[in-house]
Amino acid sequence: MTTERLSKIINFLNPSTAGKDKTTNQTKKDWKNLPTFDDLPDFKGMKGCAWEVWGKDDQLGTVNLLTDDVVKKAAIEEFVTGRCVSLNWPLNFPSKPLFGRKAPEVIMKPSATRGAVRDDEIHINTQSGSQWDGLRHFGLQEHGVFYNNIPKDSMVGGVVTMSNPSQIDPDVAKIGIQNWASHGICGRGVLLDLVKFFEEGSNDKKLPYDPWNTHGFTVSDLESCAQKQGIKFRQGDILLIRAGFIRRYTTATNEERDGLIGKPETFAGIEQSEDMKRFLWNNHFAAVASDQPALESWPTPEGLAHMHQTIIGLWGMPIGEMFDLEKLSD
């Protein structure tokens, strides 16, 4: 790391940039003047490590950007109709999950002895459908660590029993997704509807790519879509990208859906590039999600490190996948 870059990080971390939380009297960040991607330090040759930005004990990553003021501003400025739209795909879909994951099993259990009473049981791989990729999901593969330099071997595996909610083993809880749940991923959502953007811009009103085949969306694609929609990004936005996987799945035949399992996984998504990393970090999104099974174009090009490592492992940014954005688009 150059002296100039180190100086910028130190200046950002200086307590003089922080205020006081009146309820706790503790120093809190306002997250102004964040370093650019190119000013972030490296971690063992990997560019763009934000661990020093959020702090050595941090468990929120970019969710830190969803401050009370950011959420309040979004609520005041963005609520227009009051209508709610769920972004969850039904739990059962895809009925045959990708990447070799277990299919959801929902057991509907009417009571045999208590009249009009039912209990349901659900067995699910949390990666099989609509999901947030948490900080435990994907680390730095070559170095064997997760977000904030937590060694993979220090993470508990197997069935974990918890009997006392006030005495949970810190090794079980660290960088768990419950930290995001407690804080809340709530703020201004920004939808880039690439499906509409590309269809409206083509002569035949058809997509110039297949969501089920490898295709990389460039920074220019995203910025042009935002410009067409009249969107100006601001710090703390939750970026949503509609690329077309769920619409394609909904309109496909059963044979086509089943065929997804029998072929190598290939999907459209954001390109895996340094320019894309700069776009995501320098706009300081709090989280990013799409309707694709993988946020990034899949598979990862040979010779490149999977960008999950940077987004989740180095920044602590939530990645949402298989979000159902169809009603939101409507």
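Just so you know, these numbers come straight off a predicted model, no measurement behind them.

1. Things to note about the pattern of salt bridges
Applying the stated criterion across every chain yields a total of 19 salt bridges. With a shortest N-O distance of 2.9 Å, Lys109 and Glu121 are connected by a salt bridge. With Lys109 in strand E3 (residues 105–110) and Glu121 in strand E4 (residues 118–123), this residue pair connects regions lying 12 residues apart in the sequence. The salt bridge involving Arg248 is made with Asp210; its shortest N-O contact spans 3.2 Å. Here Asp210 lies in the loop between helix H6 (194–200) and strand E9 (215–217) and Arg248 lies in helix H8 (residues 245–251), a separation of 38 residues in the sequence. Given the relative accessible area of 24%, Arg248 is considered partly exposed. With a relative accessible area of 23%, Asp210 lands in the partly exposed category. Counted as one network, the salt bridges with shared partners bring together Lys73, Glu77, Glu78, Arg188, Arg234 and Asp237.

2. Quick look at the domain arrangement of the protein
The accessible area lost on association of the parts is a frequent measure of interface size. Assigned domains within the protein: domain 1 (37–89 + 130–328) and domain 2 (98–127). Taking only C-alpha atoms into account, the centre of domain 1 sits 28 Å from that of domain 2. In this assembly, 12 residues from domain 1 lie in contact with six residues from domain 2. Regarding the contact of domain 1 and domain 2, the summed buried area is about 670 Å², with carbon and sulfur atoms giving 62% of it. Three residues, Gln131, His137 and Glu265, lead the burial of domain 1 against domain 2; their summed loss comes to 50% of the area buried on that side. At the boundary of domain 1 with domain 2, the tally comes to zero salt bridges. Seen at the junction of domain 1 and domain 2, the total is three residue pairs in polar contact (both at pLDDT 80 or more). Broken down by secondary-structure element, the contributors of at least two residues to the side of domain 1 that touches domain 2 are strand E5 (131–133) and helix H9 (254–262). A breakdown of the residues in the side of domain 1 that touches domain 2 according to their chemical character gives seven nonpolar, two polar and three charged.

3. A word on unusual backbone geometry
Residues Phe93 and Pro94 are joined by a peptide bond in cis, for which omega reads -10°. Structurally, Pro94 is set in the loop between helix H3 (68–78) and E3. At the junction of Trp298 and Pro299, the peptide bond is cis and its omega measures out at 5° in the coordinates. Relative to the helices and strands, Pro299 is located in the loop between strand E12 (287–290) and helix H11 (308–314). The backbone of Lys205 shows a phi angle near 60°, a positive value even though the residue is not glycine. Mapping Lys205 onto the fold places it in the loop between H6 and E9. The backbone of Met322 shows a phi angle near 55°, a positive value even though the residue is not glycine.

4. What about the side chain of Thr310?
Among the structural elements, Thr310 can be located in helix H11. Apart from residues no more than four positions distant in its own chain, Thr310 is found in contact with Lys277 and Trp315.

5. A word on the layout of surface pockets
Think of a ball as big as a water molecule: rolled over the atoms, this probe shows where empty space is left. Of the pockets and cavities examined, the largest pocket occupies roughly 1100 Å³. Every residue lining the largest pocket is counted, 31 residues in all, and those nearest its centre are Phe79, Gly187, Arg188, Gly189 and Leu328. Every element with two or more residues in the lining of the largest pocket is listed here: H3, E5, strand E8 (189–193), strand E10 (238–242) and helix H12 (326–329). Here the element with the most residues in the lining of the largest pocket is H3; it accounts for four residues. Class assignment of the residues belonging to the lining of the largest pocket gives a composition of 18 nonpolar, seven polar and six charged.

6. Considerations on the sheet that holds E8
Strands sit in the order E5-E13-E12-E10-E8 across an open sheet of five strands; the sheet is mixed. Edge positions in the open sheet fall to E5 and E8, since each of these has one partner strand only. With direction set aside, neighbouring strand axes in the sheet form an average angle of 20°. Here E8 runs beside E10; their pairing, made up of five bridges, is parallel. Within the sheet, the bridge partner assigned to Leu191 lies in E10 and is Leu240. In this fold helix H7 (residues 219–229) packs onto E8 and E10, with an angle of close to 105° to the strand it touches most, E8.

Here is what the cut-offs are and how they apply
Residues numbered from 1 in each chain as written. Predicted model: local features only at pLDDT ≥ 70, side-chain atom pairs only at ≥ 80, totals over all residues. Heavy atoms only, no water. Salt bridge = Lys/Arg side-chain N within 4 Å of Asp/Glu carboxyl O. Helix = DSSP H or I, 4+ residues; strand = E, 2+ residues; numbered from the N terminus. Buried < 20%, exposed > 50% of the residue type's maximum accessible area, 1.4 Å probe, protein only. Domains from an automatic or database assignment. Contact = heavy atoms within 4.5 Å. Buried area = accessible area lost by both parts, 1.4 Å probe. Polar contact = N/O pair within 3.5 Å; in protein donor to acceptor, adjacent residues only side chain to side chain. Nonpolar A, V, L, I, M, F, W, Y, C, P; charged D, E, K, R; others polar. 1 Å grid on protein atoms, 1.4 Å probe; cavity = no way out; pocket = protein on both sides within 12 Å on 5 of 7 lines; lining within 4 Å. Points joined across faces, edges and corners; volume = space filled by probe spheres on them. Pairing = 2+ DSSP bridges. Axes fitted to C-alpha atoms, helices over the stretch in contact; angles between N-to-C directions.

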